[in-house]
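# Survey of secondary and tertiary structure
Letter by letter, the chains look like this.
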Amino acid sequence: KLMLFKILKDSVDYMDFKYQYKGNGRPQIFYDDLLKSMCIKTYHQYSSWRLESELKIARSMGVIQQIPKRSTINKYLQNPMITEMLHRLYKIIAEPLGEIEVYFAADATGVSNAYGNERWINVRHSKEEKRKARSYSKLHIISGVKSNIICSAKITQGNAHESPYFKPLLDDTAKIFNIKEISADAGYLSKENVKAVDKMGAVPFIMGKKNVHVPKQGYTAWDCMLRLWKNHQMFFAEHYHRRSNVESTFSALKRKFGDFCRCKKPQSQENEILAKIVCFNASVLAEAMLTYDLKGGFLK
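Quick look at the structure, then. Sequence positions are assigned chain by chain, starting from 1 and proceeding in written order. Totals for whole chains, interfaces and linings use every residue, but because this is a predicted model, local features are given only for residues with pLDDT of at least 70 and side-chain atom pairs only at 80 or more, for both listing and counting. Excluded from the side-chain calculation are hydrogens and water; included are all heavy atoms of the structure.

## Quick word on the pattern of salt bridges
Proximity of charged atoms lets side chains of opposite charge pair with each other. Condition: Put simply, a salt bridge is a Lys or Arg side-chain nitrogen that is within 4 Å of an Asp or Glu carboxyl oxygen. Each helix corresponds to a stretch of at least 4 residues labelled H or I by DSSP, and each strand to a stretch of at least 2 residues labelled E; elements are numbered beginning at the N terminus. Each residue's exposure class comes from its accessible area (1.4 Å probe, protein chains only) as a fraction of the maximum for that residue type: buried when under 20%, exposed when over 50%, partly exposed otherwise.
Under the defined criterion, the tally for this structure stands at 14 salt bridges. In this structure, the salt-bridge partner of Arg242 is Glu181, at a minimum N-O distance of 2.6 Å. Of this pair, Arg242 sits in the loop between α11 (233-240) and α12 (244-257) while Glu181 sits in strand β4 (residues 181-184); the two residues are 61 residues apart in sequence, bridging distant segments of the chain. Here Arg242 falls in the partly exposed class, since its relative accessible area comes to 24%.

Written out as structure tokens, the structure is:
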């Protein structure tokens, strides 16, 4: 908890928000205090009514300067501008791990929009998946295999397919990390996705399907990957098995910070999930700082 407070303070201060108040009307909220308060709320899995005591502790430690009101936090959770800030924040926290991460994995999971829903794994394999998935938000991520850091994320409706979001997540990850390999399950299998991985100099390990045509000739990334999958299964499985780490990422994220949203509106639910990612990345970075000599990003 103390490490989270320190990482949260340093990373938000690194974003360097400019306070602009022209002296007319009600003073604007400090966005840095607001972001920190939202993440502290998510970290403790508290409702807004129970949050004030934790924010007083954070203020006494110098993490925040002012305590936002409960109504203010709930109001700004519905603001799309906060969504952009949270996306930027978890990437800033992930940036120092660019020194050690070269292998990545992509996958998606469901986060319940209300307490008491079925586990996503039961919904995922249900005959009524499309209908039940409407009450879930789907979290698409690319995570590092070594540390499980979440590099890029996208939140959609629960019945959205994974494949169309692979390339945007990949491009987003490549801005910070040097990608050497990326693995994903058969839901991401397409020529466009394989071509996108090859274009940035990385090697794709995306699981094939039974009905896919394996070309006997050709030297494109698509041809080579499918022949490797078909003819050298043990070698392919050794690299593809790195994808298992993304399942560990989802498990840790949900166990630590909950598998459901307390908020009721779609925009606030998206922001709540992004706040979970910020807290998760902060906890991953806290552990990595004890293992590696990290000096990149906001840690300089």
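## Thoughts on the packing of helix α2 (residues 31-44) against helix α13 (residues 266-291)
What counts is decided by this rule: Note on method: axes are straight lines fitted to C-alpha atoms, helices fitted across the in-contact stretch only, with angles between N-to-C directions ranging 0 to 180 degrees. The labels follow the angle: roughly parallel below 35 degrees, roughly antiparallel above 145, roughly perpendicular from 65 to 115, and oblique for the rest. Contacts are assigned to residue pairs that have any heavy atoms within 4.5 Å of one another. Classes in brief: Ala, Val, Leu, Ile, Met, Phe, Trp, Tyr, Cys and Pro nonpolar; Asp, Glu, Lys and Arg charged; the others, Gly included, polar.
α13 packs onto α2 with a crossing angle of 80 degrees between their chain directions and a minimal axis gap of 9 Å. Classified by the angle between their axes, α2 and α13 sit roughly perpendicular to one another. For the pair formed by α2 and α13, the contact residues are Met38, Cys39, Thr42 and Tyr43 on the first element and Glu272, Ala275, Lys276, Val278 and Cys279 on the second. For the contact of α2 with α13, the residue count by class is six nonpolar, one polar and two charged.

## Regarding unusual backbone geometry
Even without a glycine there, the phi angle at Gln45 is positive, about 55 degrees. Positive phi values are uncommon outside glycine, yet Asn148 reaches one of about 70 degrees.

## Remarks on helix α1 (residues 2-15)
Residue pairs spaced three or four apart in an α-helix point in one direction, given the helix's 3.6 residues per turn. Formally: For a helix, the expected span equals 1.5 Å multiplied by the number of residues minus one.
For α1, built from 14 residues, the straight-helix expectation of 20 Å at 1.5 Å per residue is met to within 8% by its first-to-last C-alpha distance of 20 Å. Restricting attention to buried positions, one finds in α1 the residues Leu4, Phe5, Ile7, Leu8, Ser11, Val12 and Met15. Remark: Asp16 follows α1 within two positions and exhibits a positive phi of approximately 55 degrees.

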